[in-house]
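Observations on chain architecture
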Amino acid sequence: MNVAATKRMIGKYGIYFVFVIMVIAMSFASPVFLSARNLLNVVRQVSVIGLISLGVTLVIISKGIDLSSGSVLAVAAVVAASLGQSGDWHAKMFPELPQLPVIFPLLAALTIGLICGAINGTLIAKTGIPAFIATLGMMVSARGLALLYTDGRPVSSLTESYRYIGQGYILGIPVPVIIYLFMVFVTWVLLNHTKFGKSIYAIGGNIHAAEVSGVNVKRNLIKIYAYAGLLAGLAGMVLSARVNTGQPGMGVAYELDAIAATTIGGTSHSGGIGTIGGAFVGALILGVLNNGLNLLGVSAYWQQIIKGSIIVGAVVIDMRKNAKKN
Amino acid sequence: MKRLFKKSMGLMVVIILSLGLLTGCGPRGNEEAVGTGKGERIKIGVSIANFDDTFLTYMMDGMKAYGEKHGDEVHIEFVDAKEDMAKQMDQVENFIVQQKDAIVVVPVDTSATDPITSAATQEDIKLVYVNRNPSKLPDGTYYVGSEEIVAGRLQMEFLAEALGGKGKIAVLMGKLDNEGALKRTKGNEEIAEKFDGIEIVDKQTGLWQRNEGMMKTEDWLNRFGDDLKAIASNNDDMALGAIQALKDAKRQDILVIGVDATPDGLAALETGDLTATVFQDAAGQGGMAMEVALKAAKGEAVEKETWIPFRLVTLENIEDFK
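Remember, it's a predicted structure, so these values are computed and weren't measured experimentally.

**Details of the interface of chain A and chain B**
- The interface is formed by 46 residues belonging to chain A together with 43 residues belonging to chain B.
- Measuring nitrogen to oxygen at the nearest pair gives 2.6 Å for the salt bridge that ties Asp248(B) to Arg44(A).
- Here chain A is connected to chain B by 21 residue pairs in polar contact (both at pLDDT 80 or more).
- Looking at the side of chain A that touches chain B, the element that brings in the most residues is helix α6 (residues 131-150) of chain A, giving eight residues.
- By residue class, the composition of the side of chain A that touches chain B is 18 nonpolar, 22 polar and six charged.

Laid out in C-alpha cells, this is it:
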C-alpha cells in the first residue's frame, strides 16, 4: 500500500483509528482495562447515551438538532416506573394498581418518547421554527411534566421483570448492551437501506433540492424526530430499569453527551453527512474515556477538562479530513 | 397573506416558548402558597434553590406542614430559583416589594449571598438562610441548617470502626461545586487521617445521581478488585447506585454508607444492602426555618444560628426515622 492510499484510509476511518489507539493506550496504562468484565462494563455504561445518540445522529444528518432527549428520557422513565412498581413497596405511586407485566411500562415509555418526538417534528415541519427552539421548548416542558407527574419524588422499587431490562444478562451479555446493539442494527438498516434513510440524507444535504426531487420533507422531518423521541423513551426505560428507580431529575444534559458522541463519530452539523458506525464508535470513545480516566484515578476536576479537550480534538481531526475532501 | 403567516408564526414561537417556560418553571406551580386563616398574618416569602432536588422537596414539605399548622398566623409563598443566582435575587427583590415580613432563602450559591442580605436588611426585613450557610450573618439575618462536615465525620467514624481501623475506602462525591459535597468529603478525610490503616484511595463525583454513582463504582471494582473495603457516598442516591454495581459484581463484602436517609435509602438499609446512612432532617430544617422566620418577624429573640443535628442511622435505630 502506498503512502497516498494509507493517508486516504486514515482519512476515511480517522475516528476508528482514534478509538483503536485509545484502546491500545488504555490497555497498557491499566492492566484491568482489557478484562471482559470491564469491556462489557464500558459498553453497558454507554448504552443509554448510545441509544439517544442513534436518534440524534438521524436528526443531525437532517441538519437539525434535538435538545429534548434528556428530558424526554425522564418523562418516559417516571411514567414507565410508575406502571412497574412492585407490589410490596410502601410508597407506590398508584397503590391500587396491580403488578403489571413489563410490556406495559415498556410500551408506555416508547409511546411517550414517540409522542414527544412527533410534537418536536410537527412543530419544526409545520411552523418552520428552528429545531433548536422547538426542542428547547420540549426540553423545558418535558422536564416540567416529569416533575409534575412525580411531584418531585423518586418512583422506586420496580418489578423483577422490569429490572431485567436494565440488570439482566443473556448468555453473559448485559441486556442493555443487547438492546443497544439491536437498535444500532435497526437504525443502520433504516438509514442505509430504506427510502426514509435516503430522504434524511437528501433533506440534510439540501432541503430545497430534496423537496423539488419529490421527497416529502415535512412528513420525513416528523418521522425523524419521532424516531429520536422513541429512542430517548427506550433509553429512559433502560436507565430506570438499570437503577431500579424513575426520577424526574434523570438524564439532565444527556442530550449534550449524545450530541458529543454523534459529533465525535463524524456526523457533520452542516447536514447530509454522518453514519451509524460513527455514532457507535463516538459513543464508545466517550465510554472508554470515562472508564479509562476512572481506572487511572485521574482527579475529578481534571477529568472534565480532559474530556472537553478530547471531544474538541477528535472533531478537529475529523474536520480536517472533511476539509481535504472538499 | 404572507405577512399574516409570518406574524402568526412569530406568535406561535412566543406561545410555545412561554408554554415551555411556564410548565418548566412551575410543575407544582412556580409559586405555591400555604395558609388559609383570615385576618392579619405574618407574610413569609420562600425562595428555594431548586424544586427538582429531592432533598429540598422534603424540606418544603416541612415548611408547608408548619404553615398549615400555624395557618392563622402565617402566609407562606414559595418560588423556585432553578439554581439561578440572578433569578433568586429577583425573587427576593419581589418579596421586598410585596412587603413580606420575613424572607426565607435556600441560597443557590452561598458565596454570592451578599446582595440578597443587604437588600433585605436595608428594608429591615428579617432574612433566614436555610441548609446552605452563607457564613456572613449581619443583624436581622439568621441561619438554620446542619453542619455538613459532621455528616462526613459520622460516616468515616462508623466505617473505621466497622472495618477495625484498616482498609481502603473510596468516596463518591456530590457535585464538585457544592458546599455539602466538599464539607462531607472533608469530614471523611479528617477522620480517615486519624487511622493509620484507613486509606481513601479515590474520590470521584457521582453528581448526586444514582446512575453516575453506579458507573464510578463499576470502574472502582475493576480497578481495586478485592482491596476495596468500603464506599462512603455523599448522599443516599449515589450509594444506592454503588449497591447496584456491587450486586452486579456479586460483591457483598463491601460496606456502603450514605447520607440523607431517604425512603429508598432506608428500604435498602432494611434489606441489608446499605450498611448505614446519616440522617439530615430535611423537614426539620424546613419547619425550624419557618419558626425562626415567624419569631424574628414578631420581634422575639432568636439565636443567629440554629443547628439541626445529623444522626447516624443503622438497623438498630431505623424505626426512629421511618
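**Remarks on the sheet that holds strand β8 (residues 197-205) of chain B**
All names here are of chain B.
- A sheet is described by the order of its strands in space; here six strands give the open sequence β8-β7-β9-β10-β11-β13, paired in mixed fashion. Looking at strand neighbours, the two that pair on one side only are β8 and β13 (311-313), the edges of this open sheet. Sheet twist, expressed as the average angle between the axes of neighbouring strands with direction ignored, equals 20 degrees.
- Pairing of strand β11 (residues 276-279) with β13, which is carried by three bridges, proceeds in the antiparallel orientation. Bridge pairing in β13 places Thr-277 opposite Val-313.
- The strands touched by helix α8 (residues 236-248) are β7 (166-173), β9 (228-233), β10 (255-259) and β11; relative to β10, the strand with the most contacts, the crossing angle is about 160 degrees.

**Observations regarding the packing of aromatic side chains**
- Considering all chains together, one arrives at four aromatic pairs over all chains under this definition.
- A centroid spacing of 6.4 Å and a plane angle of 65 degrees characterise the contact between Phe94(A) and Tyr149(A), whose relative ring orientation is edge-to-face. Of this pair, Phe94(A) sits in the loop between α4 (69-82) and α5 (103-127) while Tyr149(A) sits in helix α6; the two residues are 55 residues apart in sequence, bridging distant segments of the chain.
- Between Tyr143(B) and Trp307(B) the ring centres are 5.6 Å apart and the planes differ by 65 degrees, which places this aromatic pair in the edge-to-face class. Of the two residues, Tyr143(B) is situated in strand β6 (residues 141-145) and Trp307(B) in strand β12 (residues 305-307); the sequence distance between them amounts to 164 residues.
- Cation over ring: Lys64(B) sits above Phe78(B), and NZ or CZ is 5.8 Å from the ring centre.
- Sitting above the plane of the Tyr142(B) ring, Lys304(B) keeps its charged end 5.6 Å from the centroid.

**Details of the domain arrangement of chain B**
All names here are of chain B.
- Partitioning chain B into structural domains gives domain 1 (28-145 + 282-308) and domain 2 (148-279).
- Using C-alpha coordinates to define each centre, domain 1 is positioned 32 Å away from domain 2.
- Each side of the interface is counted separately: domain 1 has five residues, and domain 2 has four residues.
- For the pair domain 1 and domain 2, the summed buried area comes to about 370 Å², and 42% of that belongs to carbon and sulfur atoms.
- Remark: the boundary between domain 1 and domain 2 carries zero salt bridges.
- Viewed at the interface, domain 2 and domain 1 are joined by zero residue pairs in polar contact (both at pLDDT 80 or more).

Conventions we followed
Residues numbered from 1 in each chain as written. Chains lettered and ligands numbered in written order. Predicted model: local features only at pLDDT ≥ 70, side-chain atom pairs only at ≥ 80, totals over all residues. Heavy atoms only, no water. Contact = heavy atoms within 4.5 Å. Salt bridge = Lys/Arg side-chain N within 4 Å of Asp/Glu carboxyl O. Polar contact = N/O pair within 3.5 Å; in protein donor to acceptor, adjacent residues only side chain to side chain. Helix = DSSP H or I, 4+ residues; strand = E, 2+ residues; numbered from the N terminus. Nonpolar A, V, L, I, M, F, W, Y, C, P; charged D, E, K, R; others polar. Pairing = 2+ DSSP bridges. Axes fitted to C-alpha atoms, helices over the stretch in contact; angles between N-to-C directions. Phe/Tyr/Trp six-rings, centres within 6.5 Å; stacked < 30°, edge-to-face > 60°. Lys NZ or Arg CZ within 6 Å of the ring centre and 35° of its normal. Domains from an automatic or database assignment. Buried area = accessible area lost by both parts, 1.4 Å probe.

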